[in-house]
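If you want the building blocks of each chain, they are given just below.
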Amino acid sequence: MCCLLPYETSSSISRLLLFQSRSPTKRKNPHFCKSLHNLTINKRKKMSTTFSGDETAPFFGFLGAAAALVFSCMGAAYGTAKSGVGVASMGVMRPELVMKSIVPVVMAGVLGIYGLIIAVIISTGINPKAKSYYLFDGYAHLSSGLACGLAGLSAGMAIGIVGDAGVRANAQQPKLFVGMILILIFAEALALYGLIVGIILSSRAGQSRAE
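Residues numbered from 1 in each chain as written. Predicted model: local features only at pLDDT ≥ 70, side-chain atom pairs only at ≥ 80, totals over all residues. Heavy atoms only, no water.

**Re a nonpolar patch on the surface**
A surface patch of nonpolar side chains, amounting to about 470 Å² of accessible area, comprises L190, L192, Y193, I196 and I200. Inspection of the secondary structure assignment puts L190 in helix α6 (residues 177-203). Judged by relative accessible area, L190 falls into the partly exposed class, the value being 38%. (Patch = residues over 30% accessible without salt bridge, like charges linked within 9 Å, V, L, I, M, F, W, Y side chains within 5 Å. Areas by Shrake-Rupley, 256 points an atom, 1.4 Å probe, with all protein chains shown as cover. Salt bridge = Lys/Arg side-chain N within 4 Å of Asp/Glu carboxyl O. Helix = DSSP H or I, 4+ residues; strand = E, 2+ residues; numbered from the N terminus. Buried < 20%, exposed > 50% of the residue type's maximum accessible area, 1.4 Å probe, protein only.)

Here it is in structure tokens:
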């Protein structure tokens, strides 16, 4: 039994058992049983005050926060790199259009902010010492992070491909600029959908049980 308990509790129980074995009387000591019971109860109360809820639940919550930031930054990085290559290639022949064609790079960089917002919301909602954190809460935070992160990744890929081809075409035909901006706006909206759903899912955490 001692090997299944924490170190402090097992060492205290071992000392009590050693004292009981050295007792001159053969009959059961009631004070020893009471001390052993009180020691176990106090240790359990101390552990319950340090953590409340399911012990594996924060793993899913922190995983959701990491997924939101990582996937969103992956989409932002791809969109920035892909459209940046097009801007650099176009700027060789038309350098006066570089600042005008920097719009896809800016829109791709915004995707990382969406993931940062969800990651902060999730990480601040994980505090098992202040409030019970169950598996329902961890799954809600995980789905929130995946929704925002994967939506940002897909939007970054769309912005990168459209931005690369758009700035090259805009250098040859300036009338295509408005159409390119509209396509980029609709691609950016995909990440915005993920952000909205992620906020809604993260707000569902903490509603599994009545405190």
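That shown, we press on.
**Overview of the side chain of S144**
Structurally, S144 is set in helix α5 (residues 135-172). S144 sits in the buried class, given a relative accessible area of 0%. Not counting chain neighbours up to four residues away, the residues in contact with S144 comprise I118, I122, G198, I199, L201 and S202. (Contact = heavy atoms within 4.5 Å.)

**Regarding the pattern of salt bridges**
According to the stated counting rule, one finds three salt bridges in the structure shown. A salt bridge links D164 to K82, with the shortest nitrogen-to-oxygen separation between them at 3.9 Å. Residue D164 is found in helix α5, and its partner K82 is found in helix α3 (residues 57-93); the two are separated by 82 residues along the sequence. Judged by relative accessible area, D164 falls into the buried class, the value being 11%.

**A few points about the nonpolar core**
In terms of nonpolar packing, the biggest core is built from 25 residues, with L111, Y114, I118, I159, M180 and L184 touching the most fellow members. Taken together, the elements giving at least two residues each to this core come down to α3, α4 (103-124), α5 and α6. (Core = buried A, V, L, I, M, F, W, Y, C linked by side-chain atoms within 4.5 Å.)

**Observations regarding the confidence of the model for the protein**
Here the protein averages 81 in pLDDT, while 73% of its residues score no lower than 70. Scored below 50 in pLDDT, residues 1-9 makes 13 contacts in the model with residues more than four places away or belonging to other chains. (pLDDT = per-residue confidence, 0-100.)

**Some thoughts on the packing of α4 against α6**
One way to put it is that α4 packs onto α6 with a least axis distance of 10 Å and a crossing angle of 0 degrees. It follows from the interaxial angle that α4 and α6 lie roughly parallel. The segment α4 lies against α6, with V103, P104, M107, V110, L111, Y114, I117, I118 and I121 engaging I181, L184, I185, E188, A191, L192, L195, G198, I199 and S202. For the contact of α4 with α6, the class distribution of residues is 16 nonpolar, two polar and one charged. (Axes fitted to C-alpha atoms, helices over the stretch in contact; angles between N-to-C directions. Parallel < 35°, antiparallel > 145°, perpendicular 65-115°, else oblique. Nonpolar A, V, L, I, M, F, W, Y, C, P; charged D, E, K, R; others polar.)

**Comments concerning the packing of aromatic side chains**
Per the stated rule, a full pass over the model turns up two aromatic pairs. Ring geometry for F59 versus F60: centroids 5.3 Å apart, planes at 75 degrees, classification edge-to-face. By relative accessible area, which is 21% here, F60 ends up partly exposed. Measuring from centroid to centroid gives 5.0 Å for F60 and Y139, while their planes differ by 65 degrees, and the two rings are edge-to-face. With F60 in helix α3 and Y139 in helix α5, this pair connects stretches of sequence that are 79 residues apart. Residue classification places Y139 among the partly exposed positions, given a relative accessible area of 43%. Aromatic rings pair up to connect F59, F60 and Y139 into one cluster. (Phe/Tyr/Trp six-rings, centres within 6.5 Å; stacked < 30°, edge-to-face > 60°.)

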